Amino acid sequence: MRTPIIAGNWKMYKTPREAVSFVEELKKAVADVQGVEILVCPTFLALLPLSVILEGSNIRLGAQNMFWAAEGAYTGEVSAEMLRESGCTYVILGHSERRQYFGETDANVAKKARAALDNGLVPIICVGESIDERKTGRTATVIERQVHGSLAGLAADEVTGLVVAYEPVWAIGTGLTASPGDAQEVNALIRRLIGELYDRGTAASVRIQYGGSVKPGNAAELMSQPDIDGALVGGASLKTADFAGIIKATVETLNPPQ
Ligand code: PEP
């Protein structure tokens, strides 16, 4: 049984002060939620203060990126150990915005995933096709290349515990959402690819999120798909009511009212 994970990727929104007041509110709004893992990924600068506020709560902390080296002359970068010490349990890797604006490649993602796992962080590895790739029928090829490249060098027992996020690039921040059927099809493909690379047990254990304009109104239908194990949420994670709405829709999908 895979526990769904609803993660908020705040991108470069919310100052540390705004992040603090947001999680104070969110903590109350989701205090009674069980059976769904909740994660917020704020700016690096808010990690430490948030780790204090979230101690003992049902909300976990993650980062939006990291560098693969343990330490060194890498101006502006942050290591896995630094994230761990700042209270992170998760780290998003290979988000399409990192790939688009910062030249992140599958090989970089694999190196970061190695370093994250070595430091006790759970990587959330993002994959997804562009609109052009989808329109020209290349979705499966792109996803296969990204899954193979991003997981390179990882062992089955490491992949079992990590999270993959299927995020079609054309659905991120656009208001366009993949239909539940299309999202399910790609999530099932990712699981099948992991089964081929590793084994059936690993494929059955790995959690695969969907991300791309998830909102309270479309969450239930997406989350009810058999291979969708939660959501990576951008815009809607910035408002308490919307983020809590997505979390509650996921809980209700798991335990529909009798
Ligand atoms: C994201 O940033 O990963 C994302 C899915 O954004 P949005 O929910 O705004 O589309």
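Visitor: Teacher, can you tell me more about the overall build of the chain here?
Guide: A count of helical and extended segments in the chain gives twelve helices and eight strands. Taken over the C-alpha trace, the chain has a radius of gyration of 17 Å; the compact-globule value for 258 residues is 18 Å, and the two agree within 12%. When its C-alpha atoms are laid out on the principal axes, the chain stretches across 55 × 45 × 35 Å. Burial status across the chain gives 52% buried among its 258 residues. Counted over contacts in the chain with a minimum sequence separation of 6, partners at least 24 positions apart contribute 73%. Working note: accessible area of the chain is about 11,700 Å², and carbon and sulfur atoms make up 53% of it. For the chain, the centre of its 24 positive side-chain charges and the centre of its 30 negative side-chain charges are spaced 3 Å apart.

Visitor: How should I be thinking about the site of the ligand in this particular structure?
Guide: As a structural note, the neighbourhood of the ligand is formed by 14 residues, with Lys11, Glu167, Gly173, Ser213 and Gly234 the closest of them. Within the contact set of the ligand, an oxygen atom lies 2.6 Å away from a backbone nitrogen or oxygen of glycine 173. In the complex, the protein chains occlude 96% of the 290 Å² of accessible area that the ligand would expose alone.

Visitor: Looking at this model, I keep getting lost on the sheet that holds strand E6 (residues 163-166). Mind explaining?
Guide: Strand pairs in the sheet, formed through backbone hydrogen bonds, run parallel or antiparallel to each other. Read around the barrel, eight strands follow the order E1-E2-E3-E4-E5-E6-E7-E8 and close on themselves; strand pairing throughout is parallel. Here the average twist between neighbouring strands, direction ignored, is 25°. Judged from the four bridges that link them, E6 and strand E7 (residues 207-211) form a sheet pairing that is parallel. Looking at the pairing, tyrosine 166 lines up with tyrosine 210 of E7.

Definitions and cut-offs
Residues numbered from 1 in each chain as written. Predicted model: local features only at pLDDT ≥ 70, side-chain atom pairs only at ≥ 80, totals over all residues. Heavy atoms only, no water. Helix = DSSP H or I, 4+ residues; strand = E, 2+ residues; numbered from the N terminus. Rg over C-alpha atoms; globule rule 2.2 N^0.38 Å. Buried < 20%, exposed > 50% of the residue type's maximum accessible area, 1.4 Å probe, protein only. Contact = heavy atoms within 4.5 Å. Areas by Shrake-Rupley, 256 points an atom, 1.4 Å probe, with all protein chains shown as cover. Lys, Arg positive; Asp, Glu negative; His and termini not counted. Charge placed at Lys NZ, Arg CZ, Asp CG, Glu CD. Near = heavy atom within 4 Å. Polar contact = N/O pair within 3.5 Å; in protein donor to acceptor, adjacent residues only side chain to side chain. Pairing = 2+ DSSP bridges. Axes fitted to C-alpha atoms, helices over the stretch in contact; angles between N-to-C directions.

None of the figures reported here should be taken as evidence of function without further support.
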